[in-house]
Amino acid sequence: MKFGVVVFPGTWSDRDCGWVIDQVVGAQLQYLWHKDADLKGSDCVILPGGFAYGDYLRTGAIARFAPVMQEIGEFADRGGLVWGICNGFQILCEAGLLPGALIRNASLEYRCEWTHLAVERTDLAFTSQCAEREVIRVPISHGEGSYFADPAVLSRLEQSGQVVFRYCDSGGRVVPGANPNGSLHNIAGIVNKRGNVLGMMPHPERCAEPELGGADGLKLFRSVAGGALKVLVS
Amino acid sequence: MVDSRRLREVALTPEEYRVIVEKLRRPPNAVELGMLGVLWSEHCSYKTSKTLLRRLPSTGDAVLQGPGENAGAVEIGSGWAAVFKIESHNHPSAIEPYQGAATGVGGIIRDVIAMGARPIALLDSLRFGPLPASRHHFDGVVAGIGGYGNCIGIPTVGGEVYFDECYANNPIVNAMCVGLVRVDRLMRARAEGTGNSLMLVGADTGRDGIHGASFASVELDESSSERRPAVQVGNPFLEKCLLEACMDLAQTDAVVAVQDLGAAGLTSSVAECAGRVAGAGARVDVSLVPRRARGMTPYDVMLSESQERMLVVVQRGRESEVERIFQTWDLTSAVIGDVTDDGHLTVFDQTQVVARLPIDLLTDGAPPRRLAGIAPEPPPSLRLDSLPPLLDPGESLLRLLASPNLCSRRPIFRRYDHMVGDSTLVAPGGDAALLRIKGTRLGLALTTDCNARYCHLDPNLGAQHAVAEAARNIVATGARPLAVTDCLNLANPDRPEVYWELEETIAGLAQACRALEVPIVSGNVSLYNDSSGTSAIHPTPVVGMIGVIDDYAHRLEVGFKHEGDFVLLVGSSLNDLGGSEYLKVEHGTVAGRPPALDLTREAAVNRLMLAAAKAGQLRSAHDCADGGMLVALAECCLLGGMGVRCPALRPEAPLRLDAAFFGETPGRFIVSVASRAMPELQTLARRHHVEISLLGMAGGDTVEFEGQFRLSLDQIRQAWEGGLSF
């Protein structure tokens, strides 16, 4: 299984994702430079967290024009796995690979803290190692992570089961008090219709080892890595 | 003769001007005068504190680099060096809180990068006037720190915040950065090798921040807001690119040295870099400096404090390698001069020489200022007998926990990314933060500390307390204290009582650092923290300390972990309430002396704690500091999500009940211990001659001292979490 981790100027979760892929999961890792229109044969492309190009204009607004993004769009069209985390999610929305947008947190402040997520899809390459309705604990770190979409898009997302993660309390209840940023419907992560492009604001790469306070994020990385194994075996 | 207005503008005294003319044997021209003005400012030259600072211990087995470089460095094991430094950005933050704090963070990061190290953590020590009046400072500074640190991707893992009237016009913003580098890749900013090229990399040079260093060396007054152009604007994205490019750069051997451009910009960075090599000089051609504003004079270019720039000394002939690295990150780089062996900094504008000054005159020529200190009136003494007895410890506890100086800092640190880097093992909110060193079992503990109220009451003893408390915070994570970086924030030293404070502060720091065997490897002095001759700050010597734990599996945290664990007080309590938070909150007074501090005793208690932690006898540990034993106990409950049940506290005479609950005797910890580990711990404590006493048992959801008070965790949490909501 080959993971490709995209590096824009201003990206900072690249090394954390790389650490988990290489040192914790033991899968193949390569970094993909934003100026190169080459995915180097990656099976799963990760768009990691950070402030690509400084995000001064609007999060992800410049990054979508990077040469590597054209390739990622075509890769996604062919069914390749694309995984946007935090800034990566924002970029995927800007690039039109996922619907909706991430706007300023309702608190108008940056938030770095642990959240609970209800996993609503376990049939995806990204979540196959999660149990049905499992609650996982994953930290967030963003200033603009409030998911927004117009009512039509929102109802389409809900009807076709594209919401993968929802902020919830430790008991799995999706309540306003568990929503850290004002996201509509407590949405923390969504997938495209085909199920191969995932965007999520929380950072699974920050919780893949128990000493960091939790290892639930590892399930997502193992899902992707293990999924490829299955393909190889079959 | 130059007119006095012009001298004031460059912050030089007539006497200093006379020295310059004498040494040069000619009057300096305007560019030279400006260059000398910034480098001879207190901020750059340390002319007031220099002779005193020599008294600080700066050597030790682990020390790889002491004061004098961009940052200090110590060896921490497995071939790794920790590089760290703390620096003030008080004056800019007073005028323009957001950018002042942001560029403070940016500047200290570049100091660490210049040593070849990758920055892994930031800490911020902050002081403001009381809320809500100082909301403008508080909000701006907290947002600025987050705005810069979050964007650049370095976790902000610790620090402190205090509120006191004395900071209302003069907030304190000290930023500390810690980085990692392989011992054999540690770099030093020495301009070696005649003929090697000087390259300026990163941001283009603009007119921002001209005279910033001079501005930081005078008191603030009504015209200070007109100095806003002297405050720079930060661009964390650019610095992130600069950081990555410098990391790539450190992998090549094309580079001789890297130097940060901070206060006094190009002038100081070139002079300092050359000044570290005997006989070295430099030539700089200002026409080669990439600019972002038109019509800049040589004076502007040499004094600009535009952020996110670095000076790189490159092996002659290998400039294109360096240029390529910066191109990759879309950064500008330009050869602006070279290293010479004439001991002079010569500034050209194309072919014309616009300034030529001896390097040692720039870096070391400022005549030391020998001031006389006079001890002020001692603060009001405290007569414990005159205090009414403690009536309801529970109610007092709630008020203390809700006080702005003790309440939860979560509303602040949740605005900072404290997790990026995948290394944060102990997050903000406890004693010290603890980061793992990936690929090893090593943990690096980091903290900043200073109780400025103690320093106000007794600057010498207060400074000792700052070191002792920092060490206790490190020890509370299971790590052993290793080394210190200090930031001395004081008022105008021209006033004899302030100079006395400076002398006493340095004496106290030196004594405590020697006793606890923690050398000071880097630091910063910020003077003139007063406004228009009034509202001087308390002496605030912030101590940044690092420590190491060999195997982070033995790390300790504050919160209680298991129901039924024994809760113990390590160390003994004195009958004292001097300078305590309790006196301030409950009796509205700041009086007495800080609690007595026996440094030998501190070291013994710390040794016991580390031995017990290593032997796995402790389940949790927390240092007793501001607010005393009961506040520490409540914090153990809050952070562990678990209560505690204790028999009534009946201290033996002469120890009063209020002093037992809320006195701030140093050398004490609250620990929790599994019952089966008790005998071993008792044996260990006896061997170290340290008293331990049983307070109670962890568990439940109340904090109770039987017959004295009983509070639910929810009540306590409500008080503690609401302290900053104004």
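Bear in mind that the values here come from a model prediction, so they are computed numbers and not experimental data.

**With respect to the overall build of chain A**
Line of reasoning, step 1. Each helix and strand counted, chain A has 5 helices and 11 strands in total.
Line of reasoning, step 2. Computed over its C-alpha atoms, the radius of gyration of chain A comes to 16 Å, within 12% of the 17 Å expected for a compact globule of 234 residues.
Line of reasoning, step 3. Along the first, second and third principal axes, the C-alpha atoms of chain A reach 45 × 40 × 35 Å.
Line of reasoning, step 4. Going through the 234 residues of chain A one by one, you find that 56% of them count as buried.
Line of reasoning, step 5. Partitioning the intrachain contacts of chain A with sequence separation of at least 6 by distance along the chain shows that 74% fall at a separation of at least 24.

**Details of the nonpolar core**
Residue and element names in this part refer to chain B.
Line of reasoning, step 1. Ala82 and Val467 are the most contacted members of the largest nonpolar core, which has 318 residues in total.
Line of reasoning, step 2. Taken together, domain 1 (1-40 + 188-365) and domain 2 (381-421 + 556-726) each give at least three residues to this core, which thus spans both.
Line of reasoning, step 3. With residues up to four places along the chain from it excluded, the contact list for Ala82 reads Ala73, Val74, Ile76, Val178, Leu180, Leu444 and Ile546.

**Section: unusual backbone geometry**
All names here are of chain B.
Line of reasoning, step 1. In this structure, the amide linkage connecting Leu131 to the following residue, Pro132, adopts the cis form with an omega of 0°.
Line of reasoning, step 2. Topologically, Pro132 is positioned in the loop between β4 (118-128) and α8 (135-152).
Line of reasoning, step 3. With an omega of 10°, the peptide bond running from Ala653 to Pro654 counts as cis.
Line of reasoning, step 4. A positive phi angle, close to 55°, is found at Ser78, a residue other than glycine.
Line of reasoning, step 5. With respect to the helices and strands, Ser78 occurs in the loop between β2 (72-77) and β3 (80-88).
Line of reasoning, step 6. A tally of 13 C-beta atoms within 10 Å means that Ser78 is categorised as partly exposed.
Line of reasoning, step 7. If you check the backbone angles, His689 has positive phi at about 55° while not being a glycine.
Line of reasoning, step 8. Looking at the element boundaries, His689 is found in the loop between α24 (678-687) and β24 (692-698).

**Comments concerning the pairing of strand β17 (residues 480-489) of chain B**
All names here are of chain B.
Line of reasoning, step 1. Counted residue by residue, β17 has 10 buried out of 10 residues, so it is predominantly covered.
Line of reasoning, step 2. Bridge analysis of β17 against strand β19 (residues 540-549) gives 9 bridges, and the strand direction is antiparallel. Note that in β19 the partner of Asp486 across the bridge is Val543.
Line of reasoning, step 3. As judged from the 6 bridges shared by β17 and strand β18 (residues 520-526), these two strands associate in the parallel manner.

**Considerations on the interface of chain B and chain A**
Line of reasoning, step 1. Each partner contributes to the interface: chain B provides 22 residues, whereas chain A provides 21 residues.
Line of reasoning, step 2. Of all the secondary structure elements, the ones that give two or more residues to the side of chain B that touches chain A are α8 and α10 (236-250) of chain B.
Line of reasoning, step 3. Considering only residue class, the side of chain B that touches chain A consists of 9 nonpolar, 5 polar and 8 charged.

**Regarding the environment of Leu400(B)**
Residues and elements named next belong to chain B.
Line of reasoning, step 1. You can see Leu400 is positioned in helix α15 (residues 393-401).
Line of reasoning, step 2. Taking the C-beta count within 10 Å as the criterion, Leu400 has 28 such neighbours and is therefore assigned buried.
Line of reasoning, step 3. Those residues in contact with Leu400 that lie beyond four places of it in its chain are Leu406, Glu581, Tyr582, Val585, Gly627 and Val631.

How each quantity is defined
Residues numbered from 1 in each chain as written. Chains lettered and ligands numbered in written order. Predicted model: local features only at pLDDT ≥ 70, side-chain atom pairs only at ≥ 80, totals over all residues. Helix = DSSP H or I, 4+ residues; strand = E, 2+ residues; numbered from the N terminus. Rg over C-alpha atoms; globule rule 2.2 N^0.38 Å. Buried ≥ 20, exposed ≤ 12 C-beta atoms within 10 Å, placed from the backbone. Contact = placed C-beta atoms within 7 Å. Core = buried A, V, L, I, M, F, W, Y, C linked by C-beta atoms within 7 Å. Domains from an automatic or database assignment. Pairing = 2+ DSSP bridges. Nonpolar A, V, L, I, M, F, W, Y, C, P; charged D, E, K, R; others polar.

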